[in-house]
Amino acid sequence: MEKNTLICTFDKAQYLCGEDVRIDLPPELRGGEAQVMRLERPAPCQVHREGAALVLSGLGEGSYGVCIRHGEAYWEGAFDVVAEHRQVTRYGFLTDFAPDDAGDEDLRRMCALHLNAVQFYDWMYRHDKLLPDSELYSDPMGRPTSLAVIEGKIAACKRLGMRPFAYGAVYAATAATCEAHPDWAMYSMDGKPLIFARWLYFMNIAADSPWSGHIVEQYREAVRFGFEGIHMDTYGLPKHVWDAQGRPVELAEEFPGLITRAAQAVREECPEGGVIFNHVNNWPVTSSAGAPQDAVYIEVWPPNDCYHDLYTLIREAKLLSGDKGVVLAAYLKPFEAGGEPAEHAFRLAWAAISASGGTQLVLGEDRCVLRDSYYVNYARFRDGFFPTVQKYCDFLVRYADLLYDDKGTDISRTASGGINEDICFSAEGCEFSTDGAGGTVWSIIRESRRLISIQLINLRGNDARWNEPKSRPVPAEGIELRLRLDRPVKGIWWASPDADSLRPVELRHSWTNSEHGRIYSSLLPPLDCWAAVWVRLED
């Protein structure tokens, strides 16, 4: 029996076209063989050894799985090759920059999770003056911070194929700045300055406000320092404000211009750079999704409480933005208490977001997870659970063609459920849904010319609320898949991050004729939490 006992590591979180993929091998490994796959198909490439590293070259743009075998031992991993890093944002976070936080072990852990962009949260001196005047300083909350540590982590990010993003709120300033520049501020209708959390003053980001030029210049200086992007944070309120002259300002109308000006400034300093703007609870995504940002980033709060709400946020953002990538900042409150209920909540939320075509900002630091919007309050994963986190991250990258890179048409509620009979599921004692209802197996289905992809998420034994402690899903066994499809099928495959191996399994299938053409059927393996099924059609 094979044993997954080898430990190998990639040298980067993501690779650009033309770059070699380097896999560091255990020093005792002298032989062995490597197989590279894209979905179920072998991916031809050149493989050679360079010292203790295995080097893969000649791979085109795409997402891949790799398996290295030596006797009964093997190791599996995943990687992707892109034309430019902006194609997908798998976002992580850093927030510890004290003088004793030097080193890159945290980033190497994040690299192994394929996080190709890193938000440096609360790295700055002040919200309105990002860079300090000295190497050692206190951040806005009084935490000791070292600019040299930040500089070292920026360099490590670049070395590891991860883009460093500087946190920079779009409209927050100190009382001193507001007093010195009252014409920069936002006001209520009765002329009072607007204040956030009793200490930060809201500044006017309108194009004709001097603050707008000031904060964009702060972003420019951060990129000159070494960052490759800016995380443009907002707080979700206010929405309708007044300027110093008593004129109304609609922030939903002004944000797209601010994003455009910030992106232009960043890319003038760093052509491969970009910006990410925080749409708090999806506002104002209708007006700003199409602005030049690397991804549509949405910080999720109530009333977006259910798994299907996550799906809806992602699908609508893709439609509004012209199919940009979508990142959900979905912080996991269950990790305030921790334990297995929190770990099951992670698995189901990650599955729901990934299956819906998005990515989740929740991972970062050294094996840590976000549990609220102040990132400093992160929790640490249990050592015994972290291999599961790794597999879920590997699965996201390896099967990106079925997830965030799936360009197929969503047919979840036109092909299955209700009166729809094109794609049906059945199993004794098991209910199925197309809307993520509690206690069901939820299917998300996309169709392209040569592929039908099906995501199955097991909510049996749990309700539909994503940000609450969860039980281990009740396994779903004996699921029969039936497809009414009058086209020749090349094969049906299955893969799951919950299986012993991430490798695809070809499923036996049969077909019968009906008055509407062929009906294919296949018996699926037991479903634990999440699985992908894809049907390859004949060319």
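Relevant structure appears above.
This report concerns the structure included in the present document. (Residues numbered from 1 in each chain as written. Predicted model: local features only at pLDDT ≥ 70, side-chain atom pairs only at ≥ 80, totals over all residues. Heavy atoms only, no water.)

## So, the overall build of the chain
- Looking only at helices and strands, one finds 10 helices and 38 strands in the chain.
- For 539 residues, the compact-globule estimate of 2.2 N^0.38 gives 24 Å, and the chain sits close to it at 24 Å.
- Along the first, second and third principal axes, the C-alpha set of the chain runs to 75 × 60 × 45 Å.
- In the chain, which comprises 539 residues, the proportion classed as buried is 58%.
- Restricting to contacts in the chain with at least 6 residues of sequence separation, those with at least 24 account for 69%.
- When the accessible area of the chain is evaluated, it comes to approximately 21400 Å², of which 50% is carbon and sulfur surface.
- Counting 55 positive and 77 negative side-chain charges, the chain places the centres of these two groups 3 Å from one another. (Helix = DSSP H or I, 4+ residues; strand = E, 2+ residues; numbered from the N terminus. Rg over C-alpha atoms; globule rule 2.2 N^0.38 Å. Buried < 20%, exposed > 50% of the residue type's maximum accessible area, 1.4 Å probe, protein only. Contact = heavy atoms within 4.5 Å. Areas by Shrake-Rupley, 256 points an atom, 1.4 Å probe, with all protein chains shown as cover. Lys, Arg positive; Asp, Glu negative; His and termini not counted. Charge placed at Lys NZ, Arg CZ, Asp CG, Glu CD.)

## Some words on empty space enclosed by the protein
- With the rule as written, the count across this model stands at 1 cavity of 30 Å³ or more.
- Around the largest cavity, the lining residues are Arg 90, Tyr 91, Leu 113, His 114, Leu 115, Trp 350, Thr 359, Gln 360, Cys 393, Leu 396 and Val 397.
- For the lining of the largest cavity, the secondary-structure elements that each account for two or more residues are strand E24 (359-360) and helix H9 (386-398).
- The leading source of residues in the lining of the largest cavity is H9, at 3 residues.
- Grouping the constituent residues of the lining of the largest cavity by class yields 7 nonpolar, 3 polar and 1 charged. (1 Å grid on protein atoms, 1.4 Å probe; cavity = no way out; pocket = protein on both sides within 12 Å on 5 of 7 lines; lining within 4 Å. Points joined across faces, edges and corners; volume = space filled by probe spheres on them. Nonpolar A, V, L, I, M, F, W, Y, C, P; charged D, E, K, R; others polar.)

## Remarks on the packing of helix H8 (residues 340-355) against H9
- Across the interface, H8 lies against H9 with an axial gap of 11 Å and an inter-helix angle of 5°. Between H8 and H9, the interaxial angle falls into the category roughly parallel. Here H8 contributes Phe 346, Arg 347, Trp 350 and Ser 354 to the contact with H9, which in turn contributes Thr 388, Val 389, Tyr 392, Cys 393 and Leu 396. (Axes fitted to C-alpha atoms, helices over the stretch in contact; angles between N-to-C directions. Parallel < 35°, antiparallel > 145°, perpendicular 65-115°, else oblique.)

## A look at H8
- Here H8 contains 16 residues, and its C-alpha end-to-end distance of 22 Å stays within 8% of the 22 Å for a straight helix at 1.5 Å per residue.
- Along H8, 14 of the 16 residues are buried, which leaves the element largely enclosed by surrounding structure. (Expected span 1.5 Å × (residues − 1).)

## Structural notes on the packing of aromatic side chains
- One pass over the structure, following the stated rule, counts 40 aromatic pairs.
- Taking the centre distance of 6.0 Å and the plane angle of 90° together, the rings of Phe 346 and Phe 385 count as edge-to-face. In this pair, Phe 346 sits in helix H8 while Phe 385 sits in the loop between strand E27 (379-380) and H9, placing the two residues 39 residues apart along the sequence.
- A relative accessible area of 0% places Phe 346 in the buried class.
- Between the NZ or CZ atom of Arg 126 and the centre of the ring of Tyr 125, over which it lies, the distance is 4.2 Å.
- The residue whose ring lies beneath Lys 239 is Trp 283, and the NZ or CZ to ring-centre distance is 5.0 Å. (Phe/Tyr/Trp six-rings, centres within 6.5 Å; stacked < 30°, edge-to-face > 60°. Lys NZ or Arg CZ within 6 Å of the ring centre and 35° of its normal.)

## Section: the layout of surface pockets
- By volume, the largest pocket amounts to about 780 Å³.
- Looking at the lining of the largest pocket, the elements with two or more residues in it are strand E1 (9-10), strand E9 (73-82), helix H1 (105-112) and H9.
- Looking at side-chain class alone, the lining of the largest pocket contains 11 nonpolar, 6 polar and 9 charged residues.

## Things to note about the sheet that holds strand E33 (residues 480-484)
- The 4 strands lie next to each other as E29-E33-E37-E36, forming an open sheet whose pairing is antiparallel. Of all the strands in the sheet, the pair left with one neighbour each is strand E29 (423-426) and strand E36 (510-514). Across this sheet, the average inter-strand angle for adjacent strands is 20°, counted without regard to direction.
- Where E33 lies against strand E37 (residues 517-523), 5 bridges are found, and the strand directions are antiparallel. Within E37, the position partnered with Leu 481 by the bridge is Ser 522. (Pairing = 2+ DSSP bridges.)

## Side note on the packing of helix H7 (residues 307-321) against H8
- Running from amino to carboxyl end, H7 crosses H8 at an angle of 30°, the nearest separation of the two axes being 9 Å. Regarding the angle of H7 to H8, the classification is roughly parallel. Between H7 and H8 lies a crossing of right-handed hand. Between H7, through Tyr 307, Leu 310 and Ile 314, and H8, the contact on the second element is made entirely by Leu 348, Ala 349, Ala 352 and Ile 353.
- In the contact of H7 with H8, the residues fall into 7 nonpolar, no polar and no charged. (Left-handed = near helix turned anticlockwise from the far one by under 90°.)

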